[in-house]
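An overview of the molecular structure
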Number of protein chains: 2
Amino acid sequence: MAVALIRMPSQSEAPAHDRVYRGLRQLVMHGELMPGQALTLRGIGKQYGVSMTPAREALRRLTAEGALTLSASGRVTTPELSNDRIEELAQIRALMEPELASRALRRAHLALIDRMEAINDANARAIHRQDPVEYIRTNLEFHRTLYLRAQSPAMLGLLETVWLQLGPTMRTLYTRLRRTTAPPHHRLILEALRAGDDAALRLALRTDVTQGLRHLQG
Amino acid sequence: MAVALIRMPSQSEAPAHDRVYRGLRQLVMHGELMPGQALTLRGIGKQYGVSMTPAREALRRLTAEGALTLSASGRVTTPELSNDRIEELAQIRALMEPELASRALRRAHLALIDRMEAINDANARAIHRQDPVEYIRTNLEFHRTLYLRAQSPAMLGLLETVWLQLGPTMRTLYTRLRRTTAPPHHRLILEALRAGDDAALRLALRTDVTQGLRHLQG
DNA sequence: CCATGACAAATGTGATCACAAATGCAGATG
DNA sequence: CATCTGCATTTGTGATCACATTTGTCATGG
């Protein structure tokens, strides 16, 4: 049938595959997709108004980062992590995040701490409102805001792939334990930052990271 | 015009894009490509006897892992790392590799240590033969053989992406300093393993990792 | 000798198609 | 009622093409 092609604005926007990638990446990282959720090339393409080719590139990229899982037949789904894998990813977070925080410590001036406090307030509201996606989003933003000051782009990049892998699982975990009160760790982190106490900061991050994920054990 | 397609063996081999990916990944990791080396879709396709589509998927995957760099216009090259970036990647290695080694320690029985010793001999021969690619290959195999025992696939996966990012740079570094004698760190690692000394093992790995990459400073 | 501009070649992007394999489901069978 | 078989549908894979943009080259002008 070969219909005449629809002409796109032709402005030099971001490539289609990149738009698809970013959209899906956010869905995964913020836990807006359930573990085991299947994604098809044609389905993604239709959702984003593109053909299979950009959709394929986006999925390939995301699976390379561990955000998605590839079955033997080439099917793509969000990962269903085993308890061992969740534990391991938590340990990786516990290894990297205190290091990033420590590096950010000396560069963390007051404006940064204030901004983190604001994000933490939004986080507390999300908890009270029982909004898992917003909770995950603000929680990650809280951490990322701090780590950006570490000036360690490679390490932060690696850490974000870990967050990505945990995205769908976080969603089910945080909806499962229906927490109604904010965990105290973020306050400890802020206090350590204000005090300039490296050891306390590292400890606060380690407990924040491991505590949040170790509550799933069933 | 739609010419009749050439029929491929149709055996259920690995997909073409995966073969291309594996081939290129090895080239990058073992330092067989110079930093800044440009890779084109049609060129890769011709080399591996496939069309642009699988070549594109392989390149997308490798750039997602940091093995390749994407220019603003979409061109793909091997990364040319700044000194800061090299330093940061070395610090990441120094953070992860002692951890992996420590986890492998209690599972490291004699057969493993013997195998590592054999790999280390091959490594020494590669140094004497002035063969940078074989040196890098055996060096990484030495480390990976140990870390596989850590039973931490996620952490090992992350570490391999770090190795990937360093691949092309390692090549130029190791050819630059034309070492003729093996560094002593691998022997220290083996001794610590035999002694079951965790602290010594961690220290040996940290120095092996940082020492090898800190010699570039010019 | 270096900068500049025009033109040709090279290159990434996205759409479409053919095809084989996998999947899902209905109906038959035990 | 559970299991298997057969078929229609879905799905990933790879090739090919058109197109816009970028890159490289070479001649011209300062």
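Each copy superposes on the other: chain A lies on chain B with an RMSD of 0.0 Å after a rotation of 180° and an axial shift of 0.0 Å. Given the turn and translation reported, the copies of this chain are related as if by a two-fold rotation axis. Of every C-alpha in chain A, the one belonging to Arg61(A) sits nearest the axis of rotation, 2.6 Å from it. Interface residue correspondence from chain A to chain B reaches 100%, placing this contact among same-surface, isologous pairings.

The environment of DNA strand C is made up of 22 residues, and the closest members are Ala16(A), His17(A), Ser51(A), Thr53(A) and Leu41(B). A distance of 2.7 Å separates a base nitrogen of DNA strand C from a polar side-chain atom of Thr53(A). Looking at the surface near DNA strand C, the elements that each hand over two or more residues are α1 (16-29) and α3 (52-64) of chain A together with α2 (41-48) and α3 (52-64) of chain B. Among the residues making up the surface near DNA strand C, the classes are represented as nine nonpolar, eight polar and five charged.

Residues and elements named next belong to chain A. A sheet is described by the order of its strands in space; here three strands give the open sequence β1-β3-β2, paired in antiparallel fashion. This sheet does not close on itself; its edge strands, each paired only once, are β1 (38-39) and β2 (69-70). By the bridge criterion, two bridges tie β1 to strand β3 (residues 76-77) in an arrangement that is antiparallel. Following the sheet pairing, Ala-38 is matched in β3 by Thr-77.

Attention shifts here to the packing of aromatic side chains. Centre distance and the angle of the planes are the two values used to describe a pair of aromatic rings. Scanning all chains against the criterion turns up four aromatic pairs over all chains. Considering the side-chain rings of Tyr147(A) and Trp163(A), the 6.3 Å spacing of their centres and the 35° angle between planes classify their relative orientation as tilted. Here Tyr147(A) is found in helix α6 (residues 132-148), whereas its partner Trp163(A) is found in helix α7 (residues 153-176), with 16 residues between them in sequence. Comparing Tyr147(A) with Trp163(A), the two get one shared label, buried. Ring geometry for Tyr135(B) against Tyr174(B): centres 4.8 Å apart, planes inclined by 80°, an arrangement best described as edge-to-face. With a gap of 39 residues between them, Tyr135(B) in helix α6 (residues 132-147) and Tyr174(B) in helix α7 (residues 153-176) connect regions that are remote in the sequence. We note that Tyr135(B), like Tyr174(B), is buried. One cation-aromatic arrangement involves Arg61(A) over Tyr21(A); the distance from NZ or CZ to the ring centre is 3.6 Å.

Let's shift gears to the confidence of the model for chain A. The predicted model of chain A has a mean per-residue pLDDT of 91, with 92% of residues at 70 or higher. In the model, residues 1-11 of chain A has pLDDT below 50 throughout and makes zero contacts with residues more than four positions away in sequence or in other chains.

Glancing now at the protein's contact with DNA strand D. Contacts to DNA strand D come from 22 residues, most closely from Leu41(A), Ala16(B), His17(B), Ser51(B) and Thr53(B). Counting only the atoms of DNA strand D within 4 Å of the protein, the fraction contributed by sugar and phosphate is 62%. A distance of 3.2 Å separates a sugar or linking oxygen of DNA strand D from a polar side-chain atom of Arg75(A). Considering only residue class, the surface near DNA strand D consists of nine nonpolar, eight polar and five charged.

It is the contact of α7(A) with α7(B), at a shortest axis distance of 11 Å, that shows an interaxial angle of 145°. Handedness of the crossing formed by α7(A) with α7(B): right-handed. Together, Leu158(A), Thr161(A) and Val162(A) of α7(A) and Leu158(B), Thr161(B) and Val162(B) of α7(B) make up the contact between the two elements.

Read across the sheet, three strands follow the order β1-β3-β2 (chain B) without closing on themselves; strand pairing throughout is antiparallel. The outermost strands of the open sheet, each flanked by one partner alone, are β1 (38-39) and β2 (69-70) of chain B.

On to the side chain of Glu88(A). Structurally, the position occupied by Glu88(A) is in helix α4 (residues 83-105). Engagement of the side chain of Glu88(A) in a polar contact is seen with the backbone nitrogen of Ala154(B), the distance being 2.9 Å. A polar contact is formed between the side chain of Glu88(A) and the backbone nitrogen of Met155(B), at a distance of 2.8 Å. Leave out the neighbours within four places in its chain, and Glu88(A) touches Ser152(B), Pro153(B), Ala154(B) and Met155(B).

Calculation notes
- Residues numbered from 1 in each chain as written.
- Chains lettered and ligands numbered in written order.
- Predicted model: local features only at pLDDT ≥ 70, side-chain atom pairs only at ≥ 80, totals over all residues.
- Heavy atoms only, no water.
- Least-squares fit on C-alpha atoms with pLDDT ≥ 70 in both.
- Contact = heavy atoms within 4.5 Å.
- Near = heavy atom within 4 Å.
- Polar contact = N/O pair within 3.5 Å; in protein donor to acceptor, adjacent residues only side chain to side chain.
- Helix = DSSP H or I, 4+ residues; strand = E, 2+ residues; numbered from the N terminus.
- Nonpolar A, V, L, I, M, F, W, Y, C, P; charged D, E, K, R; others polar.
- Pairing = 2+ DSSP bridges.
- Phe/Tyr/Trp six-rings, centres within 6.5 Å; stacked < 30°, edge-to-face > 60°.
- Buried < 20%, exposed > 50% of the residue type's maximum accessible area, 1.4 Å probe, protein only.
- Lys NZ or Arg CZ within 6 Å of the ring centre and 35° of its normal.
- pLDDT = per-residue confidence, 0-100.
- Axes fitted to C-alpha atoms, helices over the stretch in contact; angles between N-to-C directions.
- Left-handed = near helix turned anticlockwise from the far one by under 90°.

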